[in-house]
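# Coordinate analysis (summary)
Below, each chain spelled out in residue letters.
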Amino acid sequence: MNTTSNIEKHQLQQIIEDLHKRYESNHDGDVAAYIPELLKADPAHFGVALVTNKGQIFETGNTNQEFSIQSISKPLTFGLALEIYGQDKVSKYVGIEPSGDAFNSIMLDDNTNRPFNPMVNAGAITVTAMLYEHYGSEAFDIMLNHFGNAAGRELKFDEEVYKSESKTGHRNRAIAHLLLNFGMVHENIEPALDLYFKQCAILVNTRDLAMMAATIANVGENPVTSKEVFGMNSVRNIMSIMFTCGMYDFSGEWAYKVGVPAKSGVSGGLMAIVNRQMGIATYSPRLDKRGNSIRGINACIELSNELGLHAFDYLNNGSSFLNIIIKK
Ligand code: DON
């Protein structure tokens, strides 16, 4: 869908096109190599998309290019677990504290033996094991359908990425066995891991991520299809955990500089949420050492400054900028 057919370009369209131009010449960082199949990504690809909570879509660059969702699946599976089990039950097995460590760190909270939060691999694997426990062999189809409802279209997964990650996922297996040792996951750890590898291989494009982010921003309702995807309380919990833990050991700096909930993935996607206003997504596979997209981070810092999106911006545009900026 193209909402920019007016003769005069919409201000938001102009802003993202300018951003895209500024950062496409940035060639810093490398494509993730630890999952061999991810190395096939074209490092030149760069897409930026915004979806407002009124369903307006603005996009520029390679926004149709599909890539595996990777860790951006984590807030969505966390949301699904909250819907099924409720916060109290989920909290028995996964914490809500930033770890300050790498996403794949083999570490649990010393005091509780729980993973620190659902955004690091240990927490995400625990959440996925809970989904497997509840849904059994139907879990993947239910998950795919749920992600599709958030994106507003039917999604598929990349068989090759799934196989590649399953073949090389020894670190995640080690994490799963540590979790099993402390009783944080059930005995069916192999099928739960298999589900986690498949969840990471779900294919999305930049527009899908922006729509998913807009669905969360719009209190859980997809702004285009009007489908209710997450309940109100889950949305609050999803955004809180993304705000404090979504960018791993860069989460503090991200909160300081961008000031909105976000989640990154090693394939180069990034989604950010402006509560009650819009979803933002970028795709660029060149990553920094922490596994976050370099162009994505730069573009979001600039977008946040330009539009005053930071939750604590003195203009407080983050809670009302659509009324200020979007006049068309
Ligand atoms: O568990 C893994 O290693 C990946 N499938 C997901 C990691 C990921 O995307 C981390 N994000 N930056």
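Computed from a predicted structure; not experimentally measured.

## A short note on the sheet that holds strand S2 (residues 57–61)
As summarised here, the arrangement of the five strands in space is S2-S1-S7-S6-S5, forming an open sheet in which the pairing is antiparallel. With one partner strand each, in any of the chains shown, S2 and strand S5 (262–264) form the two edges of the open sheet. Recorded for the sheet is a direction-independent mean angle of 10 degrees between the axes of neighbouring strands. By the bridge criterion, six bridges tie strand S1 (residues 47–52) to strand S7 (residues 278–283) in an arrangement that is antiparallel. Each residue of the ladder has a partner; that of Ala49, found in S7, is Ala281. Running at roughly 155 degrees to S7, helix H9 (residues 206–217) makes contact with S1, S2, strand S6 (269–274) and S7 of the sheet. Taken strand by strand, helix H12 (residues 294–307) contacts S1, S6 and S7, and its axis lies near 150 degrees from that of S7.

## As for the domain arrangement of the protein chain
Annotation of the protein chain at the domain level lists domain 1 (11–67 + 204–327) and domain 2 (71–200). Distance between the C-alpha centres of domain 1 and domain 2: 22 Å. Taken together, the contacts link 38 residues of domain 1 with 35 residues of domain 2. Summing the contributions of domain 1 and of domain 2, the shared interface buries around 2,800 Å²; its carbon and sulfur component is 70%. If you sort the residues of domain 1 by the area they bury against domain 2, Met212, Ile241 and Tyr248 come out on top, with a joint share of 20%. Asp208 is the partner of Arg153 in a salt bridge, and the nearest nitrogen-oxygen pair spans 2.7 Å. Taken together, the links from domain 1 to domain 2 amount to 12 residue pairs in polar contact (both at pLDDT 80 or more). Mapped onto the side of domain 1 that touches domain 2, the elements with two or more residues apiece are H9, helix H10 (232–245), S5 and S6.

## Observations regarding the site of the ligand
Within the structure, the ligand sits among 14 residues, and Tyr34, Gln70, Ser71, Glu165 and Tyr196 are positioned closest to it. Asn121 places a side-chain nitrogen or oxygen 2.9 Å from an oxygen atom of the ligand. In the model, a nitrogen atom of the ligand is placed 3.2 Å from a nitrogen or oxygen of the Gly291 main chain. Relative to its unbound accessible surface of 340 Å², the ligand loses 99% to contact with the protein. Partitioned by chemical class, the residues of the shell around the ligand number six nonpolar, seven polar and one charged. Counting only domains with at least three residues in the shell around the ligand, you end up with domain 1 (11–67 + 204–327) and domain 2 (71–200).

Calculation criteria
- Residues numbered from 1 in each chain as written.
- Predicted model: local features only at pLDDT ≥ 70, side-chain atom pairs only at ≥ 80, totals over all residues.
- Heavy atoms only, no water.
- Pairing = 2+ DSSP bridges.
- Helix = DSSP H or I, 4+ residues; strand = E, 2+ residues; numbered from the N terminus.
- Axes fitted to C-alpha atoms, helices over the stretch in contact; angles between N-to-C directions.
- Contact = heavy atoms within 4.5 Å.
- Domains from an automatic or database assignment.
- Buried area = accessible area lost by both parts, 1.4 Å probe.
- Salt bridge = Lys/Arg side-chain N within 4 Å of Asp/Glu carboxyl O.
- Polar contact = N/O pair within 3.5 Å; in protein donor to acceptor, adjacent residues only side chain to side chain.
- Near = heavy atom within 4 Å.
- Areas by Shrake-Rupley, 256 points an atom, 1.4 Å probe, with all protein chains shown as cover.
- Nonpolar A, V, L, I, M, F, W, Y, C, P; charged D, E, K, R; others polar.

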